[in-house]
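Observations on the model geometry
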Amino acid sequence: MVIFMIRDITIGQYYASDSVIHKLDPRVKVVCTFAYIISLFCFSQLSGYIIAVLFFWGITKLSKVPFKFIVRGIKPILFMLVFTAMLNLFWTSGGNVLIKIGIITITEEGVKRTVFMALRLIFLIVGSSIMTLTTTPNQLTDAIEKLLKPLNKLKVPVHEIAMMMSIALRFIPILVEETDKIMKAQLARGADFESGNVFQRIKSMVPIIIPLFVSAARRASDLALAMDARCYNGGEGRTRMKPLKYNGQDIAAYLIMALYITVIIITGRYLPL
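Described below are features of the structure shown in this document. Just so you know, these numbers come straight off a predicted model, no measurement behind them.

Observations concerning the layout of surface pockets
Of the volumes computed, that of the second largest pocket is approximately 400 Å³. Forming the walls of the second largest pocket are 21 residues, and the residues nearest its centre are Ile 21, Leu 24, Cys 32, Phe 55 and Ile 59. Looking at the lining of the second largest pocket, its residues break down into 16 nonpolar, four polar and one charged.

Shown next, in the form of structure tokens:
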């Protein structure tokens, strides 16, 4: 089961396709993703979630990324999702009492908050996945660097920060694949990762964690040597093969996102449902 969950991690992976979303400027995708995530906390009515679902469904169709591939990224956070939902279910009071068994009390408000919080977490993850699935790490680096460029005046190393974020995203699928290989090798040697109590399971992960750290350190060292060999010295004076430029579809994407945010705010403020 652990192996299957590791394979389901989609953040950091790129799905190649010739879609409208893939062709958008990466700055548009970064800004719109953050706006979409923020919008999820701007309403608490069912109507707001319906609008968010319809908007996400439209973006998914335009991206041409298989829906099953996007939803697969939820499996690794399933435990956190269930744990958060249980906390909201049992610790939220208000409304009519539905179930009361000893100290356990479930109310209407608790059920409502549980469902809404679970939906927010799900759409937060899948919304972020759409951005990484339709944007290469190099494009993300350029977009983050461009968006944070004003901070250069405050002596903030924007290029280095963007490069570190890009490398971290690029290493996610590599480390996932490496973990999968190590786990298969340990299983072939008779390792057991599923049975026993929590402490035994944690102990059984040691033969995986140590080789994984060694492999990650070796890859990082090789990458640093390669960058030094190519005389990499930061972003000052560097040029790009594909400079970022806004076009008509990028402006249209900003306008559509602005319209979505406006509808969400009006819905959250004036619609009772």
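What follows picks up the thread again.
Brief notes about the pattern of salt bridges
Here the structure, examined in full by the defined rule, presents three salt bridges. With a closest N to O distance of 3.2 Å, Arg 219 and Glu 178 form a salt bridge. Taken together, the residues Arg 219 in helix α11 (residues 206–229) and Glu 178 in helix α9 (residues 158–188) connect sequence positions 41 residues apart. You can call Arg 219 partly exposed: its relative accessible area is 33%. Using a relative accessible area of 16% as the deciding quantity, one classes Glu 178 as buried.

Quick word on the nonpolar core
With 29 residues, the main nonpolar core has Tyr 36, Phe 56, Ile 70, Met 257 and Tyr 260 as its most contacted residues. Within the residue set of this core, elements represented by two or more residues are α3 (26–39), α4 (46–63), α5 (67–71), α7 (108–133) and α12 (248–270). What Tyr 36 contacts, discounting residues up to four positions off in sequence, is Ala 52, Phe 55, Phe 56, Phe 123, Met 257 and Tyr 260.

Observations regarding the packing of α3 against α7
In a pair of packed helices, the angle between the axes and the distance between the axes together describe the arrangement. One can describe the packing of α3 onto α7 by two numbers: an axis separation of 10 Å at closest approach and a directional angle of 175°. One finds that α3 runs roughly antiparallel with respect to α7. Contact with α3, carried on its side by Lys 29, Val 30, Thr 33, Tyr 36 and Ile 37, involves Phe 123, Leu 124, Gly 127, Ser 128 and Met 131 of α7 and no other residues of that element. In terms of residue class, the contact of α3 with α7 is made up of six nonpolar, three polar and one charged.

Cut-offs used in this document
- Residues numbered from 1 in each chain as written.
- Predicted model: local features only at pLDDT ≥ 70, side-chain atom pairs only at ≥ 80, totals over all residues.
- Heavy atoms only, no water.
- 1 Å grid on protein atoms, 1.4 Å probe; cavity = no way out; pocket = protein on both sides within 12 Å on 5 of 7 lines; lining within 4 Å.
- Points joined across faces, edges and corners; volume = space filled by probe spheres on them.
- Nonpolar A, V, L, I, M, F, W, Y, C, P; charged D, E, K, R; others polar.
- Salt bridge = Lys/Arg side-chain N within 4 Å of Asp/Glu carboxyl O.
- Helix = DSSP H or I, 4+ residues; strand = E, 2+ residues; numbered from the N terminus.
- Buried < 20%, exposed > 50% of the residue type's maximum accessible area, 1.4 Å probe, protein only.
- Core = buried A, V, L, I, M, F, W, Y, C linked by side-chain atoms within 4.5 Å.
- Contact = heavy atoms within 4.5 Å.
- Axes fitted to C-alpha atoms, helices over the stretch in contact; angles between N-to-C directions.
- Parallel < 35°, antiparallel > 145°, perpendicular 65-115°, else oblique.

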